[in-house]
Structure formats: structure tokens, C-alpha cells
Amino acid sequence: MTQTAADSPAPARRQRAQLKERTLRTDQWWRYPLVTFIIFTAFLVYATWAIFDNDFFVAPYHAPFASPCLAEAVCPEEAQLFGWAPLGDWYTWPPGLLILGLPAGFRFTCYYYRKAYYRAFWLSPPACAVNEPHSKYTGESRFPLILQNIHRYFFYAAIVIGLILAYDAVKALIEKPAGVGTWVLIVNAILINMYTLSCHSCRHITAGRLNHFSKHPIRYRAWGFVSKLNAKHQELALISMFSVMGADLYVRLVAKGVISFPFA
Ligand code: FES
């Protein structure tokens, strides 16, 4: 007789597997969460500093953490997106404060980052087969972690931000093709867009609900391409994090005069 869902035993209360020992691991399992903690903390400290740093533009280079710049009061005309400043002169705070929530939200809700910071910052769990300090486990089924489900919407925003960074890089290429900064921005734009396209939501959007790939050859090809990137999602998440931080710092150092010709 076929067993139905109704016949199945009631699901056990959500909880982690109970370990009597502190850990069953004999390797240095703590290295991954520790290194993650250090790298992510450094990134957060840098991003916080960058938001409030005003040297985000030196023609034709635009620091990624402050792009797009949409307010006349804080953006030189050349730094405005298509020379367009829809916020006029009423917005006088740093441009990064306005837009960084979108790429930050994208990374914060990313499947890879979730795994990494749950382990490194919340120790939930610190690693496989390691006892965690929390007594309760509700997964991502309740507020506030259920909000992680909005990742797909951050993905749409990240596509737009990725295109804007590509636009900044192409603009620099046209105006200063031999500039080191131009190539720094180009490499960063490529990595950021590869990371965005490697997103699990992107993979699902391209062909996630198709029953017959043969009836949707274009979506199938797109899915195949995204799937290859998706297999490298963790690596792309980390490399693009370093590249965006490096490109941002580079532009600011040029703007401050710390880096100059021939390295600019
Ligand atoms: Fe990582 Fe979407 S799952 S960016």
C-alpha cells in the first residue's frame, strides 16, 4: 500500500542533531569561521568608512561604492549618471548611503554569505559536527530570518547596479583607455556581473520551472551558462567582494592624490 503524507509520522520539532561532545571533528574546523569573521569584518569596516568618504570621483573614475550618484548637491556633473541627478539639491548626504543598501542587501541575503556569516558571526552552527551554543533552532522559517526570502528582489536591483558599474567602466575606457584605473574598473565590473549572474535566483529565473528544456532552447542555453557560473558562486562572491573593495579604494586614493601618474 502506498504511504501518503497523512500516514507519515509528525515531523520532529525543528532542532539540530544533538551532540554530546563539543565536537566530533579532529581537524582545525575553527579556521573557516575565524577567517570568514576577519574578512567580513574588514569589509564592513571599509564599507562604513567609504560611505562617508567624499573623495569618490576623479574624472573619469567613479568609486563603485558611490555609484550611481543621483544628487546634484553631492555629485560633480561628470559623476552624475548620464548627467542626470533626479534628487536635485535637496539630498546632501553621501551618495553611498543612498544606494549601498541594494548591493549590501544582495550580499547579505545571498545563499553563500548566509552560510558563511551564520557560521562565523552567529556560530549557528560554527561548523559541521560541532555543537552550537544556541538552544533553539528555527531555521529561516520565522521573522526576522524569513526575510531572507526577498533575495530575489535584491537580485533584480543587483542587475541594475552591475550594469551601472559596467557603464562607469566603459565611460572610463572611452575617456582614458590607457589608465590603470580604467582597467581596475573593467575587471571589477566583469567580476561583479559574473557574481550577479551566478546567483541561485538567476539560475531559477532562467529555467527553474521548465518541464521541457527542448521547448525552450534559449532559456535552456541561458540556464546552462548560468549553471556553470553558479558552480563557482562561492568563489565569485569572495573575489568580487575583494575586487569591489579594491577598485573603490583605488579610485579614492587617486582622488586623494595618494596614487598618481603613471599608476592612475
Ligand atoms: Fe548568492 Fe544569489 S545566491 S547572490
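Residues numbered from 1 in each chain as written. Predicted model: local features only at pLDDT ≥ 70, side-chain atom pairs only at ≥ 80, totals over all residues. Heavy atoms only, no water.

If you check an unreviewed UniProt entry, the protein chain appears there as Integral membrane protein from Planobispora siamensis.

Trainee: What should I look at first to understand the layout of surface pockets in this one?
Mentor: To find the voids left in a structure, one rolls a probe of water-molecule size over its atoms. Estimated volume of the largest pocket: approximately 590 Å³. In this structure, the largest pocket is lined by 28 residues; those nearest its centre are F43, P103, A104, R107 and F108. If you list the elements that add at least two residues to the lining of the largest pocket, you get α1 (31–52), α3 (101–108), α4 (111–120), α5 (151–175), α6 (180–197) and α9 (233–256). Tallying contributions element by element places α3 first for the lining of the largest pocket, with 6 residues. Looking at the lining of the largest pocket residue by residue, the class counts come to 23 nonpolar, 4 polar and 1 charged. (1 Å grid on protein atoms, 1.4 Å probe; cavity = no way out; pocket = protein on both sides within 12 Å on 5 of 7 lines; lining within 4 Å. Points joined across faces, edges and corners; volume = space filled by probe spheres on them. Helix = DSSP H or I, 4+ residues; strand = E, 2+ residues; numbered from the N terminus. Nonpolar A, V, L, I, M, F, W, Y, C, P; charged D, E, K, R; others polar.)

Trainee: Explain the UniProt feature "transmembrane region" (unreviewed entry) in the protein chain here, please?
Mentor: The UniProt record marks residues 29–52, 90–113, 153–174 and 180–197 with the feature "transmembrane region" (unreviewed entry), using the residue numbering of this structure. For the annotated span residues 90–113, helix accounts for 67% and strand for 0% of the residues, and the straight-line distance between the end C-alpha atoms is 35 Å. Secondary structure content for residues 153–174 is 100% helix and 0% strand, while the C-alpha to C-alpha distance between its ends is 32 Å. (UniProt positions renumbered as here; feature names shortened; annotations may be inferred.)

Trainee: Explain the pattern of salt bridges to me, please; I cannot follow it from the model alone.
Mentor: Pairing is possible between side chains that carry opposite charge, provided their charged atoms lie close to one another. Under the definition given, this model contains 6 salt bridges. Its salt-bridge partner being D55, residue K256 comes within 2.9 Å of it at the nearest N-O pair. Here K256, found in helix α9, pairs with D55, found in the loop between α1 and β1 (57–58); they are 201 residues apart in sequence, far enough to count as distant. Taking the relative accessible area as the measure of exposure, K256 reaches 34% and is therefore partly exposed. In this structure, R114 and E140 form a salt bridge, with 2.8 Å as the shortest nitrogen-oxygen distance. Placement of the pair is R114 in helix α4 and E140 in the loop between α4 and α5, with a sequence separation of 26 residues. You can call R114 buried: its relative accessible area is 8%. (Salt bridge = Lys/Arg side-chain N within 4 Å of Asp/Glu carboxyl O. Buried < 20%, exposed > 50% of the residue type's maximum accessible area, 1.4 Å probe, protein only.)

Trainee: Where do I start with the nonpolar core in this structure?
Mentor: In globular proteins that are soluble, nonpolar side chains generally tend to be buried together. In this structure, F40, F43, F65, F106, Y112, Y113 and Y195 are the most contacted members of the largest nonpolar core, which totals 32 residues. Contributing elements (two or more residues each) for this core: α1, α4, α5, α6, α8 (217–230) and α9. Top contributing element to this core by residue count: α1, with 6 residues. With residues near it in sequence (within four places) discarded, Y195 still touches F106, R107, C110, Y113, H233, L236, A237 and S240. By size, the runner-up hydrophobic cluster in this structure holds 18 residues, among which are C69, A189, A247 and V251. (Core = buried A, V, L, I, M, F, W, Y, C linked by side-chain atoms within 4.5 Å. Contact = heavy atoms within 4.5 Å.)

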